[in-house]
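So the chains spell out like this:
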Amino acid sequence: MKEHMSVRIKITLLTTGFIFLLLVVTMFASNAIIIFAIKNNWISAKSGDPLTPFLFQSGIISIITGTALSFFISHFPLRPLHALIQAIHEVSDGNYDVKIHLEHPKEFQELSECFNQMTEELAGIEMFRSDFINNFSHEFKTPIVSILGFAKLLKSQKLDTCQSQEYLDIIIEESRRLSELSSTVLNLSKVESLTFLNNKTIYSLSEQIRESILLLESKWSKKQISFDIDMDEVMIRATEHLLKQVWMNLLDNAIKFSPVSGCIFITLRSENGNVIFTVKDQGTGMDDRIQKYIFDKFYQEDTSRHMEGNGLGLPLVKRILMLHKGKISVQSHKGNGSIFTVTLPHQLMV
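In this report, the structure presented in the accompanying data block is examined. Source: prediction; values computed, not measured.

Calculation criteria
Residues numbered from 1 in each chain as written. Predicted model: local features only at pLDDT ≥ 70, side-chain atom pairs only at ≥ 80, totals over all residues. Heavy atoms only, no water. Pairing = 2+ DSSP bridges. Helix = DSSP H or I, 4+ residues; strand = E, 2+ residues; numbered from the N terminus. Core = buried A, V, L, I, M, F, W, Y, C linked by side-chain atoms within 4.5 Å. Buried < 20%, exposed > 50% of the residue type's maximum accessible area, 1.4 Å probe, protein only. Phe/Tyr/Trp six-rings, centres within 6.5 Å; stacked < 30°, edge-to-face > 60°. Lys NZ or Arg CZ within 6 Å of the ring centre and 35° of its normal. Axes fitted to C-alpha atoms, helices over the stretch in contact; angles between N-to-C directions. Contact = heavy atoms within 4.5 Å. Salt bridge = Lys/Arg side-chain N within 4 Å of Asp/Glu carboxyl O. Parallel < 35°, antiparallel > 145°, perpendicular 65-115°, else oblique. Left-handed = near helix turned anticlockwise from the far one by under 90°. Nonpolar A, V, L, I, M, F, W, Y, C, P; charged D, E, K, R; others polar.

**A few points about the pairing of strand β4 (residues 263-271)**
Note: strand β2 (residues 226-231) against β4, six bridges, orientation parallel. When the sheet's bridge partners are listed, aspartate 230 is paired in β4 with threonine 267. Here β4 pairs with strand β5 (residues 274-280) via seven bridges, running antiparallel. Bridge assignment links serine 270 to a residue of β5, and that residue is valine 275. Hairpin geometry of β4 and β5 is characterised by an intervening segment of two residues between the two adjacent antiparallel strands and by a positive phi of about 55° at asparagine 272.

**Observations regarding the nonpolar core**
Residues Leu205, Leu243, Leu250 and Phe340 are the most contacted members of the largest nonpolar core, which totals 42 residues. Listing elements by their share of this core, those giving two or more residues are α5 (205-215), β3 (235-238), α7 (240-257), β4, β5, α9 (313-323), β6 (327-332) and β7 (338-344). Sorting elements by how many residues they give to this core places α7 first, with eight residues. Counting residues in each nonpolar core, the second largest holds eight residues, with Leu84, Val91, Ile100 and Phe108 among its members.

**Thoughts on the packing of aromatic side chains**
Two aromatic rings, taken as a pair, are described by how far apart their centres are and by the angle between their planes. In total, this model carries three aromatic pairs according to the counting rule given. Over the ring of phenylalanine 265 we find lysine 280; its NZ or CZ atom is 5.8 Å from the centre of that ring.

**Remarks on the sheet that holds β6**
Reading across from one edge, β2-β4-β5-β7-β6 is the order of the five strands in this open sheet, with mixed pairing throughout. This sheet does not close on itself; its edge strands, each paired only once, are β2 and β6. Taking each pair of neighbouring strands and ignoring which way they run, the sheet shows an average axis angle of 15°. Pairing of β6 with β7 involves six bridges; the strand directions are antiparallel. Its bridge partner lying in β7, serine 332 is registered against serine 338. Contacting β6 and β7, α9 runs over the sheet at an angle of about 140° to β6.

**Brief notes about the pattern of salt bridges**
Following the criterion strictly, the structure yields seven salt bridges and no others. One salt bridge in this structure joins arginine 210 and glutamate 233, with 3.2 Å as the shortest N-O distance. Here arginine 210, found in helix α5, pairs with glutamate 233, found in the loop between β2 and β3; they are 23 residues apart in sequence, far enough to count as distant. According to the relative accessible area criterion, glutamate 233 is exposed, its value standing at 55%. Where salt bridges share partners, they join Glu207, Arg210 and Glu233 into one cluster.

**Side note on the packing of α5 against α7**
Across the interface, α5 lies against α7 with an axial gap of 9 Å and an inter-helix angle of 50°. Considered as vectors, α5 and α7 are oriented oblique to each other. Seen from above, α5 lies across α7 with right-handed handedness. Of the residues in α7, those touching α5 at Leu205, Gln208, Ile209, Glu211, Ser212, Ile213 and Leu215 are Glu240, Leu243, Lys244, Trp247, Met248 and Leu251. When its residues are assigned to classes, the contact of α5 with α7 shows eight nonpolar, two polar and three charged.

Here it is, written out as structure tokens:
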């Protein structure tokens, strides 16, 4: 607030100074022209002559001089504004690469820096939007094409019962995947539109995590995965249904990448006033390149799409944690599994 007031005061002083300078220059220039006109007898200024014609003539000269000076002098300080207006028009036409470089005065320099920062942000958003649409289209198109192809084969009625059942299973699975993708995208869109959290309740975080493990029993029991759980009893005040999605996504990923008969290690601690949750799997791990992109929308390590998932789980997790003022990090090495660490601030603790 103080910075804004300071900028306004500086702009006011700058404008006042410019107007004062213009008046002074106009006064001296008008007087010089009047004296020159008197010397050349263009204006009569003899003793005893009527004063009204002289005042009228000098007034006309002052008006013309002031107008001419205003036009020429104002052109220079307004030139940066013309550059800014031109740049704004380019941005409105979709050119986010435009930059302006105003050096003087200091306020214009600050204005150009803010403008350039804005265009960089807009360019990043536009690139993200384009990538999102491309990835979104690909993710939706793949199961639709698959469903269409196998439905045509079934319609041909040239298949035996075994093949028909196989193709029907594929159609069912692709339909399930399409439905899940639609729900996840809608959920992510809702979460990203939130600016603050409401409906916060006090509940047991450790109990919520245990409940999440039980809800995924069908997945981990199929792979005969065991759990090593070491959790403190922690009570927090948060948006319960959102944080539940965090634990469900992280646990689901750990199960997905764990080998058969593997073990998942889970800890929950209250350390230095913060809540620390970790989940460690015994999967294949990730290299540094993959770790840089796992929180990007639609990013999947398995580009062949053989692994279940749509690349939206971790971006959703990150957004939910940001809304709770929390953060997530990952430690992983190829062949040594992955450790995801969630940190929730002490403000959430009860």
